[in-house]
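Geometric and topological summary
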Amino acid sequence: MKPNLSKLLKIILPLGLGVFLIWYSISSLSPEERQKTLQYITEANPKWIAISVFFGIISHLSRAYRWKFLLEPLGYSPKLANSFMAVMAGYLSNLGIPRSGEFLRGGIISSYENIPFKKAFGTIISERVIDLLMLILIICIAFFYQSTYLVHFLSNKISNPFITLGILLALILSGLFF
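These notes cover the structure that comes with them. (Residues numbered from 1 in each chain as written. Predicted model: local features only at pLDDT ≥ 70, side-chain atom pairs only at ≥ 80, totals over all residues. Heavy atoms only, no water.)

A few words now on the packing of aromatic side chains. The geometry of an aromatic ring pair is captured by two quantities: the separation of the ring centres and the angle between the planes. By the definition in use, this model includes seven aromatic pairs. Between F20 and W23, the ring centres sit 6.0 Å apart and the planes meet at 35 degrees, which makes this aromatic pair tilted. In this pair, F20 and W23 both sit in helix α1 (residues 3–27), three residues apart, roughly one turn of the helix. A residue is classified by how much of its surface remains accessible, and W23, at 53% relative accessible area, is exposed. (Phe/Tyr/Trp six-rings, centres within 6.5 Å; stacked < 30°, edge-to-face > 60°. Helix = DSSP H or I, 4+ residues; strand = E, 2+ residues; numbered from the N terminus. Buried < 20%, exposed > 50% of the residue type's maximum accessible area, 1.4 Å probe, protein only.)

Here we take up helix α3 (residues 46–71). The end-to-end C-alpha distance of α3 is 37 Å, a good match for the 38 Å that 26 residues give at a rise of 1.5 Å each. Among the residues making up α3, those that are buried are H60, R63, A64, W67, K68 and L71. In the core, the buried residues of α3 are packed alongside α4 (80–96), α5 (101–113) and α6 (117–145). Of the residues flanking the start of α3, the one acting as N-cap is N45, its side-chain oxygen 3.1 Å from the backbone nitrogen of K47. (Expected span 1.5 Å × (residues − 1). Contact = heavy atoms within 4.5 Å. Polar contact = N/O pair within 3.5 Å; in protein donor to acceptor, adjacent residues only side chain to side chain.)

On to empty space enclosed by the protein, then. This structure, assessed with the given rule, holds one cavity of 30 Å³ or more. Its volume calculated, the largest cavity comes out at about 60 Å³. In terms of lining, the largest cavity is formed by R63, V87, G90, Y91, N94, G101, E102, R105 and R128. Counting residues per element, the ones that place at least two in the lining of the largest cavity are α4 and α5. For the lining of the largest cavity, the leading source of residues is α4, giving four residues. Split into classes, the residues belonging to the lining of the largest cavity amount to two nonpolar, three polar and four charged. (1 Å grid on protein atoms, 1.4 Å probe; cavity = no way out; pocket = protein on both sides within 12 Å on 5 of 7 lines; lining within 4 Å. Points joined across faces, edges and corners; volume = space filled by probe spheres on them. Nonpolar A, V, L, I, M, F, W, Y, C, P; charged D, E, K, R; others polar.)

Remark: the empty space left among the atoms is shown by a probe the size of a water molecule rolled over them. In this structure, the largest pocket spans a volume of roughly 380 Å³. Lining the largest pocket are 13 residues, with K10, P14, A89, I108 and Y112 sitting closest to its centre. Every element with two or more residues in the lining of the largest pocket is listed here: α1, α4 and α5. For the lining of the largest pocket, the leading source of residues is α4, giving seven residues. Considering only residue class, the lining of the largest pocket consists of 10 nonpolar, two polar and one charged. The calculated volume of the second largest pocket comes to roughly 310 Å³. As for the second largest pocket, its lining consists of L132, I136, I139, C140, F143, L171, I172, G175, L176, F177 and F178. Elements that contribute at least two residues to the lining of the second largest pocket include exactly α6 and α8 (161–177). For the lining of the second largest pocket, the class distribution of residues is 10 nonpolar, one polar and no charged.

What follows concerns the pattern of salt bridges. Taken as a whole, this structure holds nine salt bridges when the rule is applied. Among the salt bridges present, the one from K68 reaches E72, with a minimum N-O distance of 3.4 Å. Given the relative accessible area of 37%, E72 is considered partly exposed. When the shortest N-O distance is used, the salt bridge between E102 and R128 registers 2.3 Å. On the criterion of sequence distance, the pair formed by E102 in helix α5 and R128 in helix α6 is long-range, its members being 26 residues apart. Of the residues examined, R128 reaches a relative accessible area of 30% and is grouped as partly exposed. (Salt bridge = Lys/Arg side-chain N within 4 Å of Asp/Glu carboxyl O.)

Below, the structure is given as structure tokens:
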């Protein structure tokens, strides 16, 4: 393939995919939903939009930096910009095919930074495991702080304290199981 055609396709295909995804999401709405969506967009406060965009970019930058940080012990030091763009491309890919972004992210960083795909994908998996452990920790903390409310709620609904205790234990065990 000619280099100019390859460059052109690298620009046109992602833009075309973006336009298609926007068109697809809008075309699935009813006329009333489209009108409401347009009304919500025009009435939105630009200050809150700017704040959310700022924190969204910070969130994605921190994910890219964390990924870069995970690759460094393996002997690779990718550019933050390439890590960030790979993360963003992964999010875009997930809009079309759920969970495909992780594979795409590994493939992009592999091609731009000459990092073996297996190593890049391994760091992505370890990042997901860490995310899962953090989520479990947050759920446990929330459960601990809200346990008195939960016991009070269940004791108002169920008069037998043994059944209440059984329900709480079943919730804890099913949470640990899943």
